[in-house]
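Architecture at a glance
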Amino acid sequence: MVAIFHMPIKCYILSPHWFCSGVKRAVSMAEQVCKLYGGFYIIEDVIHNRMFMNDLWKCGVVKVASIDEIPDNAVVMFSSHGVAPRIVAKAEEKGLTIIDGTCPVIKAVQCDAVKETNLGKKLIIIGDRAHAEVIALIGCADKSSNVFVVSNETDVELLPDFDGVAVTYFTQTTLDWAHVKMIIEKLKEKIPHVESLSPDNVCRATRERQDVVRKIAGSMDLVVVIGSAHSSNARRLYEIALSSGAGNAVLVDSKNEFDSSILTGVNTMAMTSSASTSEFVIQEFIEYLTSTFGVVTEDFSLNNDNDG
Ligand code: SF4
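Residues numbered from 1 in each chain as written. Predicted model: local features only at pLDDT ≥ 70, side-chain atom pairs only at ≥ 80, totals over all residues.

Digging into the pairing of strand E9 (residues 222–226)
Let me state the cut-off plainly: Counting other C-beta atoms within 10 Å of its own, a residue is labelled buried from 20 upward, exposed at 12 or fewer, and partly exposed in the gap between, with every C-beta atom placed from the backbone. A run of DSSP states H or I qualifies as a helix once it reaches four residues; a run of E qualifies as a strand once it reaches two. Both are numbered from the N-terminal end. Only strands that DSSP links by at least two bridges are regarded as paired with each other. Handedness is read with the strands pointing away from the viewer; a crossover is right-handed when the path from the first strand over the helix to the second is clockwise.
By the criterion of burial, E9 is predominantly enclosed, with 5 of the 5 residues buried. Burial of E9 is two-sided: the residues Leu 222, Val 224 and Ile 226 facing one way and the residues Val 223 and Val 225 facing the other way are all buried. Looking at chain direction, E9 and strand E11 (residues 268–273) are connected through 5 bridges and run parallel. Bridged to Leu 222 within E11 is Met 269. Where E9 and strand E10 (residues 249–252) come together, 4 bridges link them in parallel fashion. Paired with Val 225 across the two strands is Leu 251, which belongs to E10. On the question of chirality, the crossover connecting E9 to the parallel E10 by way of helix H9 (residues 232–243) is right-handed.

Right under this line is the structure:
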């Protein structure tokens, strides 16, 4: 009788995979404010992570549709994605105690957008019109007719030519930077005089996660992205894994949503996470894979990739 040995599944744990600095800051602020005030109001999730938000609801955090619904003199926390200047002004008018969780990277982009607006320039935002960060950035323009949002090359085609009009572009921080680069090229073809204060605003935390997924996905049977479906950077990682040649990819909040039947036939897999997934959730997932399926893990980052 011939013995059949099954090789254990090899899982590469991609780095970086922990909270980015902006999320870490917002999470720490929210936890401290919960302890101090026993809850507060929000108009947008502090971070785009379902598990973390579930903990906040338990601590008494209340989400409202608009700042008008918050009682005067209450505590409001702005999310890591920021809010438009008029929301800040309204919160101040109402005497609210403001906890500003806006990521400093996003804050800097917003300040630049306000400056450019004050110089009389039109704004083009490359991003997802429905995303909180883009909504806040739109609000940095003095009026909505001075701001244009594009999310793909077709949208760029539909823009006016801005003849004789100064125009500056900004980008959402969590997009696929390779895609952003293509849109910017198209934008410069269409509007040669378009300006920008930096080549793009895709942040380092986003870029580094994407680069490592892009590098390894093509040799993986499966890429697991731990994050919430409404997290922009989680969705981008999932899409990049598939477009870079992974045999399969899945986006899940935690081990509890993971359908293990997807491991059938898998020899090599990689695991990454959005910038808003906690290290605890990641470690719990790794522990589940190793103890239940005998998965063997190995850390992988572009720094320890020696194949030149
Ligand atoms: S992903 Fe980047 S821009 Fe977004 S919160 Fe994190 S550091 Fe800030």
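Some thoughts on the site of the ligand
The following threshold applies: Here is the check we use: build the C-beta atom from the backbone, and if it is within 6 Å of the molecule or strand, call the residue near. Nonpolar residues are Ala, Val, Leu, Ile, Met, Phe, Trp, Tyr, Cys and Pro. Charged residues are Asp, Glu, Lys and Arg, and all others, Gly as well, are polar.
Around the ligand lies a shell of 15 residues, among which Cys 20, Gly 22, Cys 103, Thr 173 and Cys 203 are the nearest. Contributions of two or more residues to the shell around the ligand are made by helix H1 (21–37), helix H4 (104–118) and helix H8 (204–216). The greatest single-element share of the shell around the ligand, amounting to 3 residues, is contributed by H1. For the shell around the ligand, a count of residues per class yields 8 nonpolar, 7 polar and no charged.

Some words on the nonpolar core
As a reminder of what qualifies: Each nonpolar core reported here comprises buried Ala, Val, Leu, Ile, Met, Phe, Trp, Tyr and Cys residues connected via C-beta atoms within 7 Å. The split of the chain into domains comes from an automatic or database domain assignment. What counts as a contact is two residues whose backbone-derived C-beta atoms lie within 7 Å of each other.
Met 77, Ile 124, Ile 125 and Leu 137 are the most contacted members of the largest nonpolar core, which has 56 residues in total. Each of domain 2 (21–102) and domain 3 (105–190) gives at least three residues to this core. Leave out the neighbours within four places in its chain, and Leu 137 touches Val 109, Gln 110, Ala 113, Ile 125 and Phe 170.

Section: helix H3 (residues 85–93)
To keep things clear, this is the line we draw: Think of the arc as the fan of directions from the helix axis to the C-beta atoms.
Within the sequence span of H3, burial applies to Ile 87, Val 88 and Ala 91. With its buried residues spanning 100° around the axis, H3 presents them on a single face. Among the exposed residues of H3, those oriented more than 90 degrees off its buried face are Arg 86, Ala 89, Glu 92 and Glu 93. Residues of H3 that are buried make contact with strand E4 (75–78) and strand E5 (97–100).

As for the pairing of E5
Note that E4 and E5 share 4 bridges and pair parallel. Within E5, the residue paired with Val 75 across the bridge is Thr 97. The parallel pair E4 and E5 is bridged by H3, and the resulting crossover is right-handed.

Quick word on the sheet that holds strand E7 (residues 147–150)
To keep it simple, the criterion reads: Geometry is summarised by axes, namely lines fitted to C-alpha atoms with helices restricted to the contacting stretch, and by angles between N-to-C directions that run from 0 to 180 degrees.
One open sheet holds the 3 strands; their spatial order is E7-E6-E8, and the pairing between them is parallel. Across the chains shown, the open sheet's two edge strands, defined by having one partner strand only, are E7 and strand E8 (167–171). Ignoring which end each strand starts from, the neighbouring axes of this sheet average 20° apart. Examined bridge by bridge, strand E6 (residues 122–126) and E7 share 4 bridges and lie parallel to one another. When the bridges of E7 are listed, Ile 124 appears paired with Phe 148. Packed on one face of the sheet, helix H7 (residues 177–190) meets E6, E7 and E8 and runs near 145° to E6.

Re the sheet that holds E9
With parallel pairing, 5 strands are arranged side by side in an open sheet as E10-E9-E11-E1-E12. The open sheet has two edge strands, E10 and strand E12 (296–300), and neither has a second partner. On average, adjacent strands in this sheet sit at an angle of 25° to one another, irrespective of strand direction. Packed onto the sheet, H9 meets E9, E10 and E11 and runs at close to 170° relative to E10. Each of strand E1 (10–14), E9, E11 and E12 is contacted by helix H10 (residues 279–293), which is oriented at about 145° to E9, the strand it contacts most.

This is a description of form; function is not addressed.
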